[in-house]
Amino acid sequence: MSRKKTFHEAFQFIVYLFISAVLLNYSDLYATEKNTNTHLAVERKNLLTIKQVIEKNKKEKLIFVGESHNSLSDHNLQLEVMQEMKNQGNNFVIGVEWFQRPFQKHLDDFIFGDLNEEKFLRRTEYFERWGFDYRYYRDILQYAKKNKIRILALNASQELTREVSAKGLVGLSSKTRLKLPSNYDFSNKEYRSRLGTVFDMHQHDGSTKTKEAFQRFLEVQLTWDETMAYEIAKFLKENDKQTILVFAGRGHTHREAIPDRVKKRIGIGGITIASYQQNDPFFSSDYVIVQPKMELPAVGLIGIEMEERENNIYIKSITRDILKKPFGLQINDQLLTISQINISKYSDVKLAMLNKEPGDKIIIEVLRLDKNGKERKIKKEILLIGETKNPH
């Protein structure tokens, strides 16, 4: 086999590198890379394909595939692992960070019932609670629906984590405390250290890390991790014939986060798969993926900035001169419809624009107050433009 062909296959088919725990522990690898400039060598003969990884771990009850939420490559990896598990006849469900526990019914209705995509996104409050470009997740959800693969909502509710952030665990009411996971483990020093690194990275305003602020940050992170660990452990205890394939952020899938917390509950820690990312504070994985970077196609844009106020959406600014021409759009116009979809909140805009591409034409209807305070409804046809950045 030629070197050119080997290199091509490594990227075309997303090649996996497995390093035995006997030879090298990835937490040690992380520490080595973090503290020294040691170079790490990999032999090609040890490379595995996705198919081989799944075959090798046929009996595993818990498999994590970590993600950067805005990485199309990571989500394509998740889809490919999912497809390979289906092809090999694995009996499995998928657990995801993207949806919160109170919305499980709507997930089930979407996968197994007749709930359509638009209603599913509305009822799970996807854009309000998760918000990342839905196109990252669409293929995974559609594949699950087509093949009737159950998806479990693992995450804690937004209301709970916001209250923990505002009051801390000690400040919660007795009623709210009933919603917390069964156990919080603060003992892992490596977990705390990794979060400290991330916390410092987010201090963009020049503020310093205070003990109280970091403690709240830690408690929110633990609420996410312990909640998801609790849900995974509960499922595996009640369904010992099934595997759970978990898709969650890299900050949750490293060994000290969800995996160890599941293991403390039921003795199962599972395996973790994640792409290699340089200088990643959460670099810890049993299988490291070498993959090319992929981008979503450009999305169709109107050329306006919007703001939500008084339970409506208004035009805040206009970035395209062509829209400002006589009888065009104006700042403070209220958006009524986009392509016949009623607009009253930002998620309505997201849904109306979900399948739109640069070059598409849409009809916008706005409500405008003239100088005399009289309301006028105005409809405009707009040609959408594109940009290279992915929206969030």
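Residues numbered from 1 in each chain as written. Predicted model: local features only at pLDDT ≥ 70, side-chain atom pairs only at ≥ 80, totals over all residues. Heavy atoms only, no water.

Asker: Even after reading the chapter, I still don't get the overall build of the protein, so can you show me in this structure?
Answerer: The helix and strand inventory of the protein stands at 15 helices and 14 strands. For the protein, buried positions account for 49% of its 392 residues. Relative to all contacts within the protein whose residues are 6 or more apart in sequence, the contacts with residues 24 or more apart total 70%. As displayed, the protein has an accessible area near 21100 Å², and 49% of this comes from carbon and sulfur atoms. (Helix = DSSP H or I, 4+ residues; strand = E, 2+ residues; numbered from the N terminus. Buried < 20%, exposed > 50% of the residue type's maximum accessible area, 1.4 Å probe, protein only. Contact = heavy atoms within 4.5 Å. Areas by Shrake-Rupley, 256 points an atom, 1.4 Å probe, with all protein chains shown as cover.)

Asker: Is there a simple way to explain the side chain of asparagine 57 in this structure?
Answerer: Here asparagine 57 lies in the loop between α3 (50-56) and β3 (62-67). The buried category is assigned to asparagine 57, whose relative accessible area is 9%. Apart from the residues lying within four places of it in its own chain, the contact partners of asparagine 57 are Ile271 and Tyr287.

Asker: Is there a simple way to think about the nonpolar core in this case?
Answerer: Buried together is how nonpolar side chains tend to be arranged in soluble globular proteins. Residues Met82, Phe99, Phe120, Tyr126, Leu245 and Phe247 are the most contacted members of the largest nonpolar core, which totals 46 residues. The residues touching phenylalanine 247, leaving out its near neighbours within four places in the chain, are Val65, Glu67, Gln78, Met82, Ile94, Gly95, Val96, Glu97, Trp98 and Ile140. Ile302, Ile315, Leu323 and Ala352 belong to the second-largest nonpolar core, a separate cluster that totals 19 residues. (Core = buried A, V, L, I, M, F, W, Y, C linked by side-chain atoms within 4.5 Å.)

Asker: Any chance you could explain the pattern of salt bridges here in plain terms?
Answerer: Pairing of side chains with opposite charge becomes possible as their charged atoms draw close. Using the criterion set out here, one finds 23 salt bridges in the structure. A salt bridge links arginine 150 to aspartate 108; its shortest N-O distance comes to 3.0 Å. You can see arginine 150 sitting in the loop between α8 (135-147) and β5 (151-155) and its partner aspartate 108 sitting in helix α5 (residues 104-112), a full 42 residues away along the chain. (Salt bridge = Lys/Arg side-chain N within 4 Å of Asp/Glu carboxyl O.)

Asker: What should I look at first to understand the environment of valine 349 in this one?
Answerer: By the element assignment, valine 349 lies in helix α15 (residues 346-352). For the pair valine 349 and leucine 335, spaced 14 residues apart in sequence, the C-alpha separation works out to 9.3 Å. Look past the residues within four positions of valine 349 in its chain and what remains in contact with it is Met306, Ile313, Ile338 and Ile343.

Asker: How should I be thinking about the confidence of the model for the protein in this particular structure?
Answerer: Low-confidence regions, as indicated by low pLDDT, have predicted coordinates that should not be scrutinised in detail. Per-residue pLDDT for the protein averages 87, and the proportion of residues at 70 or more is 85%. In this model residues 1-36 is a low-confidence stretch, pLDDT under 50, and it forms 69 contacts with partners more than four residues away in sequence or in other chains. Per-residue pLDDT stays below 50 along residues 388-392; that stretch engages in 12 contacts with residues further than four places along the chain or on separate chains. (pLDDT = per-residue confidence, 0-100.)

Asker: Looking at this structure, how should I read the pairing of strand β13 (residues 361-369)?
Answerer: On a regular strand, one side chain projects to one face of the sheet and the next to the other, so that they alternate. In this structure, strand β11 (residues 334-338) lies alongside β13, joined through 4 bridges in antiparallel fashion. Its bridge partner lying in β13, threonine 337 is registered against glutamate 365. (Pairing = 2+ DSSP bridges.)

Asker: How should helix α14 (residues 258-266) be read in this particular structure?
Answerer: Helical geometry note: an α-helix holds 3.6 residues per turn, so side chains three or four residues apart project in the same direction. Listed as buried for α14 are Ile258, Pro259, Arg261 and Val262. For α14, the buried positions fall inside an angular range of 165° around the axis, keeping them on one side. Among the structural elements, β3, α11 (189-201), α12 (211-238), α13 (250-253) and β7 (271-275) are those in contact with the buried residues of α14. Positioned one or two residues after α14, glycine 267 has a phi angle of 80°, which is positive. (Arc of directions from axis to C-beta.)

Asker: Please explain the pairing of β3 as it appears in this structure.
Answerer: The buried count for β3 comes to 6 of 6 residues, which makes it a mostly enclosed element. A two-sided burial pattern is seen for β3, the buried positions comprising Leu62, Phe64 and Gly66 on one face and Ile63, Val65 and Glu67 on the other. Where β3 lies against strand β6 (residues 243-249), 6 bridges are found, and the strand directions are parallel. Residue pairing across strands places phenylalanine 64 opposite valine 246, the latter belonging to β6. Bridge count for β3 against β7 is 3 bridges, and the pairing is parallel. Bridge pairing in β7 links isoleucine 63 to isoleucine 271.

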